[in-house]
Amino acid sequence: QTGADDLQTKADRLVQMSICASLSRKFPKATIIGEEELPPEEVNEELIEDGHCEEILKKTCPAQYTGIKEEELVIWVDPLDGTKEYTEGLLDHVTVLIGIAYGGKAIAGVINQPYYNYEAGAGAVLGRTIWGVLGIGAFGFQLKEAPAGKHIIVTTRSHSSTLVNDCISALNPDSVIRVGGAGNKIIQLIEGKASAYVFASPGCKKWDTCAPEAILHAVGGKITDIHGNSFQYNKEVKHMNSAGVLATLRNYDYYASRIPNTVKQSLVP
């Protein structure tokens, strides 16, 4: 174990304990699946969050969700997405992801960027929370489209491979942005910094994509695996998104139609 790994593990575990214990206390019948395998233990009361957000309670619940029972919800938690970047001090890459699924579909999500604005100097407000619900919309950021006619691909920073790079080359991008964290990559799409998020590799998990998917879909975007299959988020589903990720805010079909067959054949759903 290196110091950086220890730091990551401690931060991961504390954040997950806080989120999962707080959620299970309020919603004991919901299924909560977190990235870290945590032994059952008494959680320090200081880690329990029992407040709520007035802004969300002002919104009207979409009709299709008014009859949902608590036990039908699955909550996917990534306590620290972009862990490698966290340990390297690239703090703007780091997000905390909480995704809510019903009937196997991502329906609501929270992306918290705890260090947002960390380079802005004294007096800047640190951190922000982006959230969205299908049928209500997404909030906490300024929706912007990528420059028209430009093909800017956002992809992995620390999990590159020949397959990842071959897939990107085939899309003939104007530029490629390499950043950590799935949450951070979806933010690049919804803030207009990138036009497609492409990851031709099996590394991503359900807790990486559930929250970002709900937010992206709430503003009319689309995310699938490299073959175009939707992700399923029911509690029995395997955790790995083994056929990669393709996501856009607009023009999904343009990118989907250009994924090479050799790449698709290498990634089995």
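The model shown is predicted, which means the values in this text are computed figures rather than measured ones. (Residues numbered from 1 in each chain as written. Predicted model: local features only at pLDDT ≥ 70, side-chain atom pairs only at ≥ 80, totals over all residues. Heavy atoms only, no water.)

It is worth spelling out the domain arrangement of the protein at this point. The domain architecture assigned to the protein consists of domain 1 (10-139) and domain 2 (152-266). The gap between the C-alpha centroids of domain 1 and domain 2 is 21 Å. The interface is formed by 39 residues belonging to domain 1 together with 31 residues belonging to domain 2. Summing the contributions of domain 1 and of domain 2, the shared interface buries around 2,600 Å²; its carbon and sulfur component is 65%. Together, Trp 76, His 93 and Ala 106 form the three largest contributors to the area buried by domain 1 at its contact with domain 2, with a combined 23%. (Domains from an automatic or database assignment. Contact = heavy atoms within 4.5 Å. Buried area = accessible area lost by both parts, 1.4 Å probe.)

The general pattern is negative phi for most residues beyond glycine and trans for most peptide bonds. One non-glycine residue, Asn 117, lies in positive phi territory at about 80 degrees. Looking at the element boundaries, Asn 117 is found in the loop between strand S4 (105-113) and strand S5 (128-133). We note that Asn 172 has phi near 50 degrees; this positive angle belongs to a residue other than glycine. When you line up the elements, Asn 172 lands in the loop between helix H4 (162-170) and strand S8 (175-179). For Asn 172, a relative accessible area of 63% corresponds to the exposed category. (Helix = DSSP H or I, 4+ residues; strand = E, 2+ residues; numbered from the N terminus. Buried < 20%, exposed > 50% of the residue type's maximum accessible area, 1.4 Å probe, protein only.)

This part is about the layout of surface pockets. Considering only enclosed or pocket space, the largest pocket measures out at about 1,400 Å³ in volume. Around the largest pocket, the lining comprises 35 residues; the ones closest to its centre are Leu 23, Phe 27, Ile 56, Ile 100 and Val 110. Among the elements of the structure, helix H1 (3-26), helix H2 (54-57), strand S2 (73-81), strand S3 (95-102), S4 and S5 are those that each provide at least two residues to the lining of the largest pocket. Considering only residue class, the lining of the largest pocket consists of 21 nonpolar, 9 polar and 5 charged. (1 Å grid on protein atoms, 1.4 Å probe; cavity = no way out; pocket = protein on both sides within 12 Å on 5 of 7 lines; lining within 4 Å. Points joined across faces, edges and corners; volume = space filled by probe spheres on them. Nonpolar A, V, L, I, M, F, W, Y, C, P; charged D, E, K, R; others polar.)

Take the sheet that holds strand S11 (residues 245-248) next. One open sheet accounts for 5 strands, arranged S8-S7-S9-S11-S10; its pairing is mixed. Two strands in the sheet have a free side with no partner beyond their single neighbour: S8 and strand S10 (222-224). Between one strand axis and the next, the sheet turns by 20 degrees as a mean value, whatever way the strands run. Here strand S7 (residues 152-156) runs beside S8; their pairing, made up of 5 bridges, is parallel. Paired with Val 154 across the two strands is Ile 177, which belongs to S8. The strands that H4 touches are S7, S8 and strand S9 (196-199); relative to S7, the one it contacts most, it runs at about 175 degrees. Relative to S10, helix H6 (residues 206-218) is tilted by about 145 degrees, and along the sheet it contacts S10 and S11. (Pairing = 2+ DSSP bridges. Axes fitted to C-alpha atoms, helices over the stretch in contact; angles between N-to-C directions.)

Turning next to helix H5 (residues 182-190). Each turn of an α-helix holds 3.6 residues, which means side chains three or four residues apart point in the same direction. Counting buried residues in H5 gives 9 out of 9 residues, a clear majority hidden from the surface. Residues of H5 that are buried include every one of Ala 182, Gly 183, Asn 184, Lys 185, Ile 186, Ile 187, Gln 188, Leu 189 and Ile 190, and no others. Two residues or fewer past H5, Gly 192 is found with a positive phi of approximately 75 degrees.

A general trend in soluble globular proteins is that nonpolar side chains are found buried together. Ranked by internal contacts, the top residues of the largest apolar core, which has 71 residues, are Trp 76 and Tyr 197. Taken domain by domain, the makeup of this core includes at least three residues from each of domain 1 (10-139) and domain 2 (152-266). With residues near it in sequence (within four places) discarded, Trp 76 still touches Ile 33, Leu 97, Ile 98, Gly 99, Ala 101, Lys 206, Trp 207, Cys 210, Tyr 233, Asn 234, Val 237 and His 239. Judged by nonpolar contacts, the second largest core, of 5 residues, contains Ala 11, Leu 80, Leu 91 and Val 94. (Core = buried A, V, L, I, M, F, W, Y, C linked by side-chain atoms within 4.5 Å.)

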